[in-house]
Amino acid sequence: MENWEQLQKLLDESKRAVFFGGAGVSTESGIPDFRSTDGLYRQTYAYPPETILSHRFFERNPEEFFRFYRAKMLCPQAKPNAAHRKLAELEAAGKLTAVITQNIDGLHQAAGSRNVLELHGSVLRNTCRSCGKFYGLEAILSSEGIPRCSCGGIIKPDVVLYEESLDGDTIARAVRALEQADLLIVGGTSLAVYPAAGLVNYCKGRLVVINKSPTSLDVKADLLIQGRIGETLSHLRVL
Ligand code: NAD
């Protein structure tokens, strides 16, 4: 039996599946992840991404933060791939209750997923730090240097930087979805970023891991698929 057929069987037996993913879900859309061989960690920058994308760095070097952020974190041309699309279909068919993502690219919603719990925020939402005015992605793309609000304040992306805490309501909803799930599909994540990665332990159902490289969860998985997530999910039939 092909590994996707085994996944199909687990999904057919499940009533409340949840997906938990990371940057690897969007690499097939052309957005680099952090830890793959062609990921951002292997590229040469003056600082590693975790340093630049930290709260302290943002406060001290906003200009350099936005240079990296615009060049490496924003991919406005990227389109949802087969993984995003299949997950949206599974939700529409009543098979999947939530997509919990560490991604900030908005591609799950672009594919049609509705219950998307964005643990690390979204590049599509930006707020003035002084007056709270909301801005879309365009405000960041069309500005240069440090993006400024009409009031003069700095516009900050609603993205959770390293050293910042996750949104409590989003975590609570993710925990509830995981506790109620009878099947958890974890995919495209190194599970190296905490506290997000620790949330998967709330699920007591069956576990599927789909990742190109090994993860700490592999030993616990009922089904382990070492491969591309878009390609794997594209085989699934949604009944
Ligand atoms: P990561 O870079 O640490 O790990 C990505 C994992 O996905 C790797 O283990 C890699 O082997 C695997 N992978 C890559 N392409 C894959 C594919 N096509 N199919 C299956 N597996 C694949 O990413 P992470 O665990 O999400 O943690 C990094 C942090 O960086 C997260 O907090 C995330 O918010 C942020 N980030 C987000 C984006 C995005 O929004 N698209 C992009 C880069 C980084």
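This text follows the structure it describes.
Note that the structure is a prediction, hence the values are computed from the model and not measured.

Caption draft 1: Structural context of the pairing of strand S7 (residues 183-187). Most of S7 is tucked away, with five of its five residues classed as buried. Of the strand pairs in this sheet, strand S1 (residues 17-21) and S7 are connected by five bridges, and their pairing is parallel. Each residue of the ladder has a partner; that of Phe-19, found in S7, is Ile-185. Here five bridges tie S7 to strand S8 (residues 206-210), and the two strands are oriented parallel to one another. From the neighbouring strand, Val-186 faces S8, where its bridge partner is Val-209.

Caption draft 2: Quick look at the packing of aromatic side chains. Per the stated rule, a full pass over the model turns up six aromatic pairs. Ring geometry for Tyr-47 versus Phe-57: centroids 5.0 Å apart, planes at 70°, classification edge-to-face. Remark: Phe-57 occurs in helix H3 (residues 55-60) and Tyr-47 occurs in the loop between S1 and helix H2 (49-52); sequence separation between them is 10 residues. Both rings, one in Phe-58 and one in Phe-65, keep their centres 4.9 Å apart while their planes meet at 90°; by these two values the pair is edge-to-face. Judged by its relative accessible area of 1%, Phe-58 is buried. Grouped by ring-pair contacts, the aromatic residues Phe-58, Phe-65, Phe-66 and Tyr-69 constitute a single cluster.

Caption draft 3: The arrangement of the sheet that holds S7 in detail. An order of S3-S2-S1-S7-S8-S9 is seen for the six strands of this open sheet, with the pairing classed as parallel. Two strands in the sheet have a free side with no partner beyond their single neighbour: strand S3 (116-118) and strand S9 (223-225). Here the strands of the sheet are splayed against their neighbours by 15° on average, with no regard to which way each runs. Across the sheet, helix H8 (residues 168-180) lies against S1, strand S2 (96-101), S3 and S7, angled at about 130° from S3, the strand it touches most.

Caption draft 4: How the structure looks around the site of the ligand. Close to the ligand lie 28 residues, the nearest being Arg-35, Gln-102, Thr-189, Ser-190 and Ser-213. Within the contact set of the ligand, a nitrogen atom lies 2.7 Å away from a side-chain nitrogen or oxygen of Glu-28. One nitrogen or oxygen atom from the main chain of Gly-188 is found 3.4 Å from an oxygen atom belonging to the ligand. Across the complex, the protein chains shield 96% of the 860 Å² of accessible surface that the ligand would expose by itself. Of the residues belonging to the shell around the ligand, the class tally is eight nonpolar, 14 polar and six charged.

Each value, and the rule that gives it
- Residues numbered from 1 in each chain as written.
- Predicted model: local features only at pLDDT ≥ 70, side-chain atom pairs only at ≥ 80, totals over all residues.
- Heavy atoms only, no water.
- Buried < 20%, exposed > 50% of the residue type's maximum accessible area, 1.4 Å probe, protein only.
- Helix = DSSP H or I, 4+ residues; strand = E, 2+ residues; numbered from the N terminus.
- Pairing = 2+ DSSP bridges.
- Phe/Tyr/Trp six-rings, centres within 6.5 Å; stacked < 30°, edge-to-face > 60°.
- Axes fitted to C-alpha atoms, helices over the stretch in contact; angles between N-to-C directions.
- Contact = heavy atoms within 4.5 Å.
- Near = heavy atom within 4 Å.
- Polar contact = N/O pair within 3.5 Å; in protein donor to acceptor, adjacent residues only side chain to side chain.
- Areas by Shrake-Rupley, 256 points an atom, 1.4 Å probe, with all protein chains shown as cover.
- Nonpolar A, V, L, I, M, F, W, Y, C, P; charged D, E, K, R; others polar.

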